[in-house]
Amino acid sequence: MSATLLKSTLQFPAPRAGWGGLAGLRRLFAPQEPGPAQPLGPRDTGLVILHFATLDTADRIARFNANLRFDALSARYRALDWASYRVLGVRLGRRLIAVAELAPTQLDGRPARELALSVQGPWQHSGVGERLMRAALADCHAEGVPMVVFTTAQNHGMIHLAEKFGGAAQSLGPDLRYTFAP
């Protein structure tokens, strides 16, 4: 095969506008990094439900104190009062890999926020939970309210995060409560 024929056979048509050519392919196949913790809202309801539905059983039990089925998760988050709850998420592409929920509560008769946090299995111990914890604490600090975390003594990941960020521990029988000043 002549060099001219080989060259003409290997030439690709010009890419369409906006395609990005090889740079576009590199972006498409490049390893992705989780994004920053960002506020979520009602339009993210489906992604939040999908995040919780795809947690493994042990993680769903740790998050909800029960292995909630899809229909229960769906009902809970479709009825969530997004005006009073604060929900933060970390995405990997279009997928939520971690969610922090700050529910309104009372602590010693004063307003506070209760944090519930979940991270998809492959992303646990990667810093994603720390990113969400930092964002949740900043949110509570900006609001001027303390944050509380309830966990079991077996949830070593949550205990590690709570202690790393300076939570004051209190034993509640088999469970623990960590309190963070505003």
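Residues numbered from 1 in each chain as written. Predicted model: local features only at pLDDT ≥ 70, side-chain atom pairs only at ≥ 80, totals over all residues. Heavy atoms only, no water.

A. Region of interest: the pairing of strand E3 (residues 95-107). Bridge count for strand E2 (residues 86-92) against E3 is 7 bridges, and the pairing is antiparallel. Note that in E3 the partner of Val-87 across the bridge is Glu-101. What sits between E2 and E3 in their antiparallel hairpin is a turn of 2 residues, with Gly-93 showing a positive phi close to 65°. Once E3 ends, the chain turns through 2 residues before running back antiparallel as strand E4 (residues 110-119), passing Asp-108 with a positive phi of about 55°. (Pairing = 2+ DSSP bridges. Helix = DSSP H or I, 4+ residues; strand = E, 2+ residues; numbered from the N terminus.)

B. The arrangement of helix H5 (residues 70-78) in detail. All of the buried residues along H5 are Leu-73, Ser-74 and Tyr-77. The buried residues of H5 occupy an angular sector of 100° when the element is viewed end-on, so they sit on one face. Residues of H5 that are buried make contact with helix H3 (45-53), helix H4 (57-64) and E3. (Buried < 20%, exposed > 50% of the residue type's maximum accessible area, 1.4 Å probe, protein only. Arc of directions from axis to C-beta. Contact = heavy atoms within 4.5 Å.)

C. Main features of the packing of helix H6 (residues 128-143) against helix H7 (residues 156-164). Look at H6 against H7: their axes get within 11 Å of each other, and the N-to-C directions meet at 50°. It follows from the interaxial angle that H6 and H7 lie oblique. Relative to H7, the crossing made by H6 is right-handed. Packed against H6, whose contacting residues are Gly-129, Glu-130 and Met-133, the element H7 presents Met-158, Leu-161, Ala-162 and Lys-164 at the interface. Within the contact of H6 with H7, the residues separate by chemical class into 4 nonpolar, 1 polar and 2 charged. (Axes fitted to C-alpha atoms, helices over the stretch in contact; angles between N-to-C directions. Parallel < 35°, antiparallel > 145°, perpendicular 65-115°, else oblique. Left-handed = near helix turned anticlockwise from the far one by under 90°. Nonpolar A, V, L, I, M, F, W, Y, C, P; charged D, E, K, R; others polar.)

D. The arrangement of unusual backbone geometry in detail. One non-glycine residue, Asn-65, lies in the positive phi region at around 60°. Among the secondary structure elements, Asn-65 is positioned in the loop between H4 and H5. Not every positive phi belongs to a glycine, and His-125 is a case in point at roughly 65°. On the secondary structure map, His-125 appears in the loop between E4 and H6. Under the relative-accessibility criterion, His-125 is labelled exposed at 80%.

E. Quick look at the pairing of strand E6 (residues 168-172). Here E6 pairs with strand E7 (residues 175-180) via 5 bridges, running antiparallel. When the bridges of E7 are listed, Ala-169 appears paired with Tyr-178. Linking E6 to E7, which pair antiparallel, is a turn of 2 residues; within it Gly-173 sits at a positive phi near 75°.

F. Just the sheet that holds strand E1 (residues 38-40), in detail. The 7 strands lie next to each other as E1-E2-E3-E4-E5-E7-E6, forming an open sheet whose pairing is mixed. Unpaired on one side and paired on the other, E1 and E6 mark the two borders of the sheet. Ignoring which end each strand starts from, the neighbouring axes of this sheet average 30° apart. Pairing of E3 with E4 involves 10 bridges; the strand directions are antiparallel. Its bridge partner being in E4, Pro-104 is matched across the sheet by Arg-113. The sheet contacts of H6 involve E2, E3, E4, strand E5 (147-152) and E7, and relative to E4 the element is tilted by about 165°.

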